[in-house]
Amino acid sequence: MRQPASVLVVGAGVAGLAAGGRLADSGYRVTVVDKARGVGGRLATRRIGAARLDHGAQFFTVRGAEMGALVEGWLARGVAREWCRGFRRPPDGNPRYVGATGMTDLAKDLAGGLDVALSTRVETLSPGDDEHGWVAHSDRGATFGADAVVLTPPVPQTLALVGTLCTPEARDALRAVSYTPTLALLAVLDEDPGIPPPGALQLTEGPLSWVADNRSKGISPVPAVTVHAGPRASAGWWELGSEATMAALLGAARPWIGSRDPLEAQLVRWRYAAPDVSHPDRCLVAVDTERPVVCAGDAFGEPRVEGALLSGLAAAGAVIQRLGPTR
Ligand SMILES: Cc1cc2nc3c(=O)[nH]c(=O)nc-3n(C[C@H](O)[C@H](O)[C@H](O)COP(=O)(O)OP(=O)(O)OC[C@H]3O[C@@H](n4cnc5c(N)ncnc54)[C@H](O)[C@@H]3O)c2cc1C
C-alpha cells in the first residue's frame, strides 16, 4: 500500500504547530522542525531560578470561531485560563487569556502527538527527486525529504530558504513584509513591584510598551517582571551593546520596579517581534505545484497569536488541496 504523502513543517511556533496538527489529523506524515530547544517560538516562557516569566507574547485574545473553539478546549482541560478583561481603567471587558503556567503551555499542547525535531535549523531547501519533492538540510547534518513544505519562520528567514525557488511575484510579496523589533528585560525582584491588578500595564507614552508582574499574572512564585520597549525605543537601543541596552530598559522601568537593583536581569532581543507590513492573505503558496511550498505565520493575514494560528490552518488547507486526500 502507498504511504500517505509527507509534509515538512519548518517552525514550531503557533503557525507551524497548527499547520502540523491539521495535516497530521488529515492523515499526512508530518515532521515539524525548529531551531530552538523548545516549542513555541514567540510563545516563550523562561525560568530564572525560582522565577517564571513570559517574555514573548504576554496573553492572547479571541476574535473568531476557530480560535474560540480551540480556547474552549484549552480552558476545559486547564491548558489556558482567563487572566483579566483589560489593562486600562476601566477595563474594556474583552477576555485576555494566558497559558496556565506560562504561554509555552499552549505550544506544548499543540505539539502533543506531533513528531517534532528540536535544535534543528533548516539551512537549505532544494528540489528533490521522484521519491521526495523537497529535501531540506539542517545545521546538524540531518536531511529531511518531504512531498510538501510549510515554512513558518519570520518572513526574512523564510525568504532565505525559498527566495531562489519561488516565482518573482512570490519573492516580491515576501520581500514586502516587514517587522518591528522588541527589546525585553526580564527582572527577578526581591519585593513586589507594586503594579496594580491585574498586574500589567500597557503603556502608550514613553519608551516602554508593557510592564508585567509575572507573580500577579499567576505564573511565577516570586516577584519577576517582564518589561517591553516599544518599537521606536527598541530600534534606538538595539545597537547600544547588551549592558547599555539593559541599563536603558532598567532606567525606563524604575517608576514601576523601584530603585533597588533586580536580583537577576536578562535581556531578550526579538528582532522580528511583530509585523508592521503584513501579507494580505492568510498564507502564500510560494511554489504552486502538486508538491507545494507554502509560507505562513503571523505576518500573513492578521498578526498576534490568533492570526498565526489561522495562518497555519490556512497553510495546511493549501497543502491538502494540492497533495490531495490521504484516504
Ligand atoms: C515581545 C512580544 C510580545 C507579544 N505580545 C503578544 C500578545 O500579547 N498577544 C498576542 O496575541 N501576540 C503577541 N505577540 C505576537 C505573537 O507572539 C506572534 O504573533 C506568534 O507567536 C507568532 O507565531 P508564529 O508561529 O507565526 O511565529 P514564531 O512564533 O516566531 O515561530 C517561528 C518558529 O520558526 C523557527 N525557525 C525560524 N527559522 C528556522 C529555521 N531555519 N529552521 C528551523 N526553525 C526555524 C523559530 O525558532 C520559531 O520557533 C508578541 C510577540 C512578541 C515578540
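What counts, and where the lines are drawn
- Each chain carries its own residue numbering, running from 1 in the written order of its sequence.
- Side-chain atom pairs in this predicted model are given and counted only at pLDDT of 80 or more, local residue features only at pLDDT of at least 70, and totals for whole chains, interfaces and linings cover all residues.
- To obtain the side-chain values, all non-hydrogen atoms of the structure were included, while hydrogens and water were left out.
- Here, proximity means that at least one heavy atom of the residue falls within 4 Å of the molecule or strand.
- N or O atoms closer than or at 3.5 Å make up a polar contact, with two conditions inside protein: a donor-capable atom paired with an acceptor-capable one, and, for residues adjacent in sequence, both atoms drawn from side chains.
- Going along the chain from the N terminus, every DSSP run of H or I of four or more residues is numbered as a helix, and every run of E of two or more is numbered as a strand.
- Only Asp, Glu, Lys and Arg are considered charged, only Ala, Val, Leu, Ile, Met, Phe, Trp, Tyr, Cys and Pro nonpolar, and every remaining residue, Gly among them, polar.
- Strand pairing requires that DSSP identify at least two bridges connecting the strands.
- Structural elements are reduced to axes, namely lines fitted to C-alpha atoms, with helices fitted over the stretch in contact, and the angle between N-to-C directions of any two is expressed from 0 to 180 degrees.
- For Phe, Tyr and Trp, rings pair up if their centres lie within 6.5 Å, where Trp contributes its six-membered ring, and each pair is then called stacked (planes under 30 degrees apart), edge-to-face (over 60) or tilted (otherwise).
- To sort residues, take the accessible area from a 1.4 Å probe on protein chains only and compare it with the maximum for the residue type: under 20% means buried, over 50% means exposed, and anything in between is partly exposed.
- Either the NZ atom of lysine or the CZ atom of arginine qualifies as a charge over a ring when it sits within 6 Å of the ring centre and within 35 degrees of the ring normal.
- Salt bridges are defined by distance alone: a side-chain nitrogen of Lys or Arg within 4 Å of a carboxyl oxygen of Asp or Glu.
- To obtain the arc, one takes the directions from the helix axis to the C-beta atoms.

Q: Looking at this structure, how should I read the site of the ligand?
A: What surrounds the ligand is a group of 31 residues, the closest being Asp34, Arg42, Phe59, Val122 and Asp298. Take Arg304: an N or O atom from its main chain is 3.3 Å from an oxygen atom of the ligand. Within the residue set of the shell around the ligand, elements represented by two or more residues are helix 1 (14-25), strand 16 (264-277) and helix 9 (304-323). Among the elements that take part in the shell around the ligand, helix 9 stands out by supplying three residues, more than any other. Tallied by class, the residues present in the shell around the ligand amount to 12 nonpolar, 13 polar and six charged.

Q: For this particular structure, what's the right way to read the sheet that holds strand 8 (residues 122-127)?
A: Two orientations exist for strands paired in a sheet by backbone hydrogen bonds: parallel and antiparallel. Taken in spatial order, the three strands of this open sheet run 8-9-10, and their pairing is antiparallel. Two strands bound the open sheet, and with one partner strand each, they are strand 8 and strand 10 (143-146). In this sheet, adjacent strand axes meet at a mean angle of 20° when their direction is disregarded. When strand 9 (residues 134-138) meets strand 10, the two strands line up antiparallel, connected through four bridges. Bridging from a neighbouring strand, Trp134 pairs with Ala146 of strand 10.

Q: Any chance you could explain the packing of aromatic side chains here in plain terms?
A: Each aromatic ring pair is described using two quantities: the centre-to-centre distance and the angle formed by the ring planes. Overall, the coordinates contain eight aromatic pairs when judged by the stated rule. Aromatic side chains Phe60 and Trp74 sit 5.8 Å apart centroid to centroid with 80° between the ring planes, which places their arrangement in the edge-to-face category. Residue Phe60 is found in the loop between strand 4 (51-54) and helix 2 (65-77), and its partner Trp74 is found in helix 2; the two are separated by 14 residues along the sequence. The residues Phe60 and Trp74 share a single accessibility class, namely buried. Ring geometry for Trp83 against Phe87: centres 5.2 Å apart, planes inclined by 70°, an arrangement best described as edge-to-face. Residue class for Trp83 comes out buried when judged on its relative accessible area of 11%. Residue classification places Phe87 among the buried positions, given a relative accessible area of 7%. What links up through ring pairs into an aromatic cluster is the set Phe59, Trp83, Phe87 and Trp210. Its end group placed over the ring of Trp238, Arg269 keeps NZ or CZ at 5.4 Å from the ring centre.

Q: Explain the sheet that holds strand 18 (residues 293-295) to me, please; I cannot follow it from the model alone.
A: Read across the sheet, six strands follow the order 7-2-1-11-18-17 without closing on themselves; strand pairing throughout is mixed. The open sheet has two free edges, formed respectively by strand 7 (115-117) and strand 17 (284-287), since each of these has just one partner strand. Averaged over all pairs of adjacent strands, the angle between strand axes in this sheet comes to 25°, irrespective of strand direction.

Q: Teacher, can you tell me more about the pattern of salt bridges here?
A: By the definition in use, this model includes 13 salt bridges. Between Arg322 and Asp288 there is a salt bridge, with its nearest N and O atoms 2.5 Å apart. Placement of the pair is Arg322 in helix 9 and Asp288 in the loop between strand 17 and strand 18, with a sequence separation of 34 residues. Since its relative accessible area comes to 52%, Asp288 is described here as exposed. Among the charged side chains, a network of salt bridges with common partners joins Asp190, Glu191 and Arg260.

Q: Is there a simple way to explain helix 4 (residues 155-162) in this structure?
A: For an α-helix, 3.6 residues make a turn, and residues three or four places apart therefore share a direction. Among all positions in helix 4, only Val155, Thr158, Leu159, Leu161 and Val162 are buried. All buried residues of helix 4 lie within an arc of 160° about the axis, which places them on one face of the element.

Q: Would you mind going over the pairing of strand 9 with me for this structure?
A: Within a regular strand, the side chains alternate between the two sheet faces. Within strand 9, four of the five residues are buried, which leaves it mostly tucked inside the rest of the structure. One ladder, built from five bridges, connects strand 8 with strand 9; its direction is antiparallel. Paired with Val122 across the bridge in strand 9 is Ser138. The turn joining strand 8 and strand 9, which pair antiparallel and follow one another in sequence, is formed by six residues. What sits between strand 9 and strand 10 in their antiparallel hairpin is a turn of four residues, with Gly141 showing a positive phi close to 85°.

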